[in-house]
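The residues making up each chain are set out below.
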Amino acid sequence: MTNEKVSIENKLSFFQSPEGTLIIQLRGDWKIGNPLPSADEIEKKLTAGARVERVGFDTRELKAWDSGLLTFLIKVKEFCSQNKIQLEAEGLPEGARGLLKLASAVAERKGARKEIKREPFLSLVGAMAIEFYRSTIEMISFIGEATITFTKFLVGKATFRRTDLFLLLQECGAQALPVVSLISILLGLILGFVGAIQLKMFGAQLFVADVVAIGMVRVMGAIMTGIIMAGRTGAAFAAQLGTMEVNEEIDALKTLGISPMEFLVLPRMIALVIMMPLLCVYSDLLGILGGLIVGVGMLDLGLIEYLNRTREALNLTTFGIGLFHSAVFGVLVALSGCLRGMQCERSASAVGYAATSAVVTSIVSIIVATAVITFVCQVLGI
Amino acid sequence: MAGKPEITVKNLDMGYGSFVLMRDLNFTVNRGDIFIIMGGSGCGKSTLLKILIGLKEPSRGQVLYGGASFWETDPDERERIMKRFGILYQQGALWSSMTLAENIALPLEHYTDLSPSQIREIVSLKLSLVGLAGFEDFYPSEISGGMRKRAGLARAMALDPDILFFDEPSAGLDPISSRLLDDLILELRNSLGSTIVIVTHELASIFAIANNSIYLDVESRTMTASGDPKKLLAESKDPTVRKFLTRGAEGGEMETS
């Protein structure tokens, strides 16, 4: 520590002439990474004692320098101009003189520096409330626009490319099968295990088939497919549209008079509304297969016995409720993904935020929709 | 040379929220003009272009297209006005999921009843005009930035628009491609009589092709000069305009310390 102090002091010394000129003597290595003296020392020197009219430099013993010296010089220069002291840069190395001139060639633009203001708590709450109101209105108008666009599609007046729709159907359907298969079988196994442990206590192992079949077909198949599609497809939609926004592709559509809602959102919505119920049925079947593995493998139930029990447990209403769930989730995932994508700002981080936000919005809306549908089914007694 | 007024901007203010970027802009672009919007970085050139092409509403003022106020007219009329535009965006803004041919064909499919074979012919013609003959089946990700820009120009020209807007057309192009683009712009104006509005910093292009311009001054937040850039260079007394047009050689010291 003491050595460091000594080495700093060795780098800087002062000599004041009787005519009011302060010569700053710079010595040794003035490079970033080395301990360097602070410009405050100059300030102290200039403010204390006799009035200084000019500041000059003596760099005969200066060995090496880089930005470390320049930052020091800029501070000295600023202090001199504030105190109306003349700065004589002739004693500085030629390179340092040039860079110092360049650094102050363009004056700071008025109003360019951001002012960090500490907002009062109430103001922050107010701003957040206004932002919440604005985003709610934005969401409602997006849903409204999507509804109008879907109506236009139903009457055959919407403009979009059929090839885009087929590609999206493939992306949302066939390409999602591996992950849906894995998750659904595992979910069936989990439901089977949880049911088996409880039901075994009453000797009612056979009813594992009921637990798995009703659980999967009525709600779990649809929810799991919805969540998978939210993470997989909803995020992809948001990222695709967000990137299009960043690349001005959406602007290009708008200025051509082509509605991005029709051209981009509609095919995505249709693809998910068609594919989600199909994926849900597939997920239900694989979930039942998972339950069957537990029932036959662990509880020693007969294969035919298990399947018969499953068939008895299910009815068309249960199946219909499951399909309804999945169609609703399809709309919600597509809308969330597209809404967040279209709201994306023009930066790479905004695309990431749009994708994350799409997943969160999708999952929250899936859970809320499930609660609403379950409540309505309860009221209707189905 | 001066034709009828094509675009008239009256008392236009623009900004974001409460922040005023430019105020009190007044200028006219005549039919057949090659009109340059110039100014330093961050002065609002691209924002002005967005207002002219209908992507952003001004804070105040009017943009008139042949007498109809763009931001006050009904949506149908606005769509009719926009059909007369061709726009080349800064990065080309080609639709990434489509081939170059599909990109250029989309406006034709949307607005005309041409048969697929006629559309194919037009697409090939437009691609040849920008030096991309044979690239019909390439996707935007498979070609270079400069080529994307040229393909974007081919798309902008698809419908033979009355008014072409260019956002920094020379940025990212090599000097020869940049020169070829200038020639193409002049040819478009001379052969089709198109009005061309260009946002650019490129002085060589400005002096080579423009016959009208405005200069947006970032400090005073308004336009400080307008007219033929060559005339401005010869006659303007405004130091910031002179500094811009002479790359800082005139119009006051570069150093402001």
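Residues numbered from 1 in each chain as written. Chains lettered and ligands numbered in written order. Predicted model: local features only at pLDDT ≥ 70, side-chain atom pairs only at ≥ 80, totals over all residues.

### A closer look at the overall build of chain A
Then, in step 1: From N to C terminus, chain A includes 13 helices and 6 strands.
Then, in step 2: A compact globule built from 382 residues would reach a C-alpha radius of gyration of about 21 Å, whereas chain A, at 36 Å, exceeds it by more than 25%.
Then, in step 3: Seen through its C-alpha atoms, chain A measures out along the principal axes to roughly 110 × 60 × 45 Å.
Then, in step 4: Across the 382 residues in chain A, those meeting the buried criterion constitute 35%.
Then, in step 5: Of all intrachain contacts in chain A linking residues separated by at least 6 positions in sequence, the fraction that spans at least 24 positions is 84%. (Helix = DSSP H or I, 4+ residues; strand = E, 2+ residues; numbered from the N terminus. Rg over C-alpha atoms; globule rule 2.2 N^0.38 Å. Buried ≥ 20, exposed ≤ 12 C-beta atoms within 10 Å, placed from the backbone. Contact = placed C-beta atoms within 7 Å.)

### Observations concerning the overall build of chain B
Then, in step 1: Tallying secondary structure elements over chain B gives 9 helices and 10 strands in all.
Then, in step 2: Taken against the 2.2 N^0.38 rule, which gives 18 Å for 257 residues, the C-alpha radius of gyration of chain B at 19 Å falls within 12% of a compact globule.
Then, in step 3: With respect to the principal axes defined by its C-alpha atoms, chain B has extents near 60 × 45 × 35 Å.
Then, in step 4: For chain B, the proportion of its 257 residues judged to be buried stands at 40%.
Then, in step 5: If you take every contact in chain B between residues at least 6 apart in sequence, the share linking residues at least 24 apart comes to 64%.

### Here's the deal with the domain arrangement of chain A
Then, in step 1: Segmentation of chain A into domains returns domain 1 (2-103) and domain 2 (160-380).
Then, in step 2: Averaged C-alpha coordinates put domain 1 of chain A and domain 2 of chain A at centres separated by 69 Å. (Domains from an automatic or database assignment.)

### Description of the pairing of strand β9 (residues 212-217) of chain B
Each regular strand displays side chains that alternate between the two surfaces of the sheet.
Residue and element names in this part refer to chain B.
Then, in step 1: By the criterion of burial, β9 is predominantly enclosed, with 5 of the 6 residues buried.
Then, in step 2: Sheet topology note: the strand β3 (residues 34-39)/β9 ladder contains 5 bridges and is parallel. Counterpart to Met38 in the pairing with β9 is Tyr215.
Then, in step 3: Here β9 runs beside strand β10 (residues 222-226); their pairing, made up of 4 bridges, is antiparallel. The partner of Tyr215 across the bridge, within β10, is Ala225.
Then, in step 4: In textbook terms, the turn of a hairpin is the stretch between consecutive antiparallel strands, and for β9 and β10 this stretch comprises 4 residues, one of which, Arg221, has a positive phi near 55°. (Pairing = 2+ DSSP bridges.)

### Some thoughts on the interface of chain B and chain A
Then, in step 1: At the interface, 20 residues of chain B touch 17 residues of chain A.
Then, in step 2: For the side of chain B that touches chain A, the elements supplying multiple residues, two or more each, are α2 (75-82), β6 (85-88) and α3 (100-111) of chain B.
Then, in step 3: Among the residues making up the side of chain B that touches chain A, the classes are represented as 10 nonpolar, 7 polar and 3 charged. (Nonpolar A, V, L, I, M, F, W, Y, C, P; charged D, E, K, R; others polar.)

### Describing the sheet that holds strand β7 (residues 163-167) of chain B
Residue and element names in this part refer to chain B.
Then, in step 1: The 6 strands lie next to each other as β6-β7-β8-β3-β9-β10, forming an open sheet whose pairing is mixed. The two strands at the open ends of the sheet, each matched to only one other strand, are β6 and β10. Pairwise comparison of adjacent strand axes, ignoring direction, gives a mean angle of 20° for this sheet.
Then, in step 2: As paired strands, β7 and strand β8 (residues 195-199) are joined by 5 bridges and run parallel to one another. (Axes fitted to C-alpha atoms, helices over the stretch in contact; angles between N-to-C directions.)

### Focus: unusual backbone geometry
All names here are of chain B.
Then, in step 1: Despite not being glycine, Asn11 has its phi angle at roughly 45°, a positive value.
Then, in step 2: Mapped onto the elements of the fold, Asn11 is located in strand β1 (residues 5-16).
Then, in step 3: Although it is not a glycine, Ala93 sits at a positive phi angle of roughly 50°.
Then, in step 4: Relative to the assigned elements, Ala93 resides in the loop between β6 and α3.

### Points about the sheet that holds strand β6 (residues 86-87) of chain A
Then, in step 1: Pairing is mixed in the open sheet, where 4 strands are placed in the order β1-β2-β4-β6 (chain A). Only two strands of the sheet have a single neighbouring strand rather than two, namely β1 (12-16) and β6 of chain A.

### Quick look at the environment of Leu25 of chain B
All names here are of chain B.
Then, in step 1: Tracing the backbone through its elements, the reader meets Leu25 in strand β2 (residues 19-30).
Then, in step 2: Separated by 149 residues in sequence, Leu25 and Asp174 have C-alpha atoms that sit 33 Å apart.
Then, in step 3: Every residue in contact with Leu25, bar those within four places of it in the chain, is listed here: Val9, Leu12, Thr222 and Met223.

### Digging into the pairing of strand β4 (residues 60-65) of chain B
Residue and element names in this part refer to chain B.
Then, in step 1: Here 5 bridges tie β1 to β4, and the two strands are oriented antiparallel to one another. Of the residues in β4, the one forming a bridge with Thr8 is Leu64.
Then, in step 2: Pairing analysis gives 2 bridges linking β4 to strand β5 (residues 68-69), with the strands arranged antiparallel. Of the residues in β5, the one forming a bridge with Tyr65 is Ala68.
Then, in step 3: Counted along the chain from β4 to the antiparallel partner β5, the turn is 2 residues long, and its residue Gly66 has a positive phi close to 55°.

### Observations concerning the confidence of the model for chain B
Residues and elements named next belong to chain B.
Then, in step 1: In the predicted model, chain B carries a mean pLDDT of 87, and 96% of its residues have values of at least 70.
Then, in step 2: The weakest mean pLDDT in chain B belongs to helix α6 (residues 175-192) at 84; the strongest belongs to β8 at 94.
Then, in step 3: Scoring of the predicted complex yields 0.78 for pTM and 0.82 for ipTM. (pLDDT = per-residue confidence, 0-100.)

### Some remarks on the packing of helix α6 (residues 162-172) of chain A against helix α10 (residues 260-297) of chain A
Residue and element names in this part refer to chain A.
Then, in step 1: Where α6 contacts α10, the two axes come as close as 9 Å, and the packing angle between them is 40°. By the angle class used here, α6 and α10 are oblique. The interaxial crossing formed by α6 with α10 has right-handed handedness. Contact with α6, carried on its side by Asp164, Leu165, Leu168, Leu169 and Cys172, involves Pro267, Arg268, Ile270, Ala271, Leu272, Ile274 and Met275 of α10 and no other residues of that element.
Then, in step 2: Split by residue class, the contact of α6 with α10 holds 10 nonpolar, no polar and 2 charged. (Parallel < 35°, antiparallel > 145°, perpendicular 65-115°, else oblique. Left-handed = near helix turned anticlockwise from the far one by under 90°.)

### Structural notes on the environment of Leu299 of chain A
All names here are of chain A.
Then, in step 1: Summarising the element assignment, Leu299 is placed in the loop between α10 and α11 (303-313).
Then, in step 2: Classification of Leu299 as partly exposed rests on a count of 17 C-beta atoms within 10 Å.
Then, in step 3: Along the chain, Leu299 and Val208 lie 91 residues apart, while their C-alpha atoms are 9.2 Å from each other.
Then, in step 4: Once you skip the residues sitting within four places of it in the chain, Leu299 turns out to touch Ala196, Gln205, Val208 and Val294.

### Re the nonpolar core
Then, in step 1: In this structure, Leu272 of chain A together with Ile37, Leu52, Phe165, Ile196 and Val197 of chain B are the most contacted members of the largest nonpolar core, which totals 136 residues.
Then, in step 2: Here this core gets 19 residues from one element, more than from any other, and that element is helix α8 (residues 208-246) of chain A.
Then, in step 3: Sequence-distant contacts of Leu272 of chain A, that is, excluding residues within four places in its chain, are made with Cys172, Met229, Thr233, Gly330, Val333 and Ala334 of chain A.
Then, in step 4: Core analysis: the next-biggest nonpolar cluster, separate from the first, contains 18 residues, Leu22, Leu26, Leu62 and Leu92 of chain A among them. (Core = buried A, V, L, I, M, F, W, Y, C linked by C-beta atoms within 7 Å.)

### Concerning the packing of helix α5 (residues 121-154) of chain A against α10 of chain A
Residue and element names in this part refer to chain A.
Then, in step 1: Contact geometry of α5 with α10 gives a least axis separation of 10 Å together with a crossing angle of 80°. Taken together, the axes of α5 and α10 are roughly perpendicular relative to one another. Contacts between α5 and α10 involve Glu145, Ala146, Thr149, Phe150, Lys152 and Phe153 on the former and, on the latter, Met261, Glu262, Val265, Leu266 and Met269.

### Focus: α8 of chain A
An α-helical turn contains 3.6 residues, so any two residues separated by three or four positions project in the same direction.
Then, in step 1: At Met216 of chain A, α8 of chain A shows its largest bend, some 60°.
Then, in step 2: In terms of residue burial, α8 of chain A counts as a mostly covered element, since 29 of its 39 residues are buried. (Bend = angle between axes of the 7 residues up to and from the residue.)

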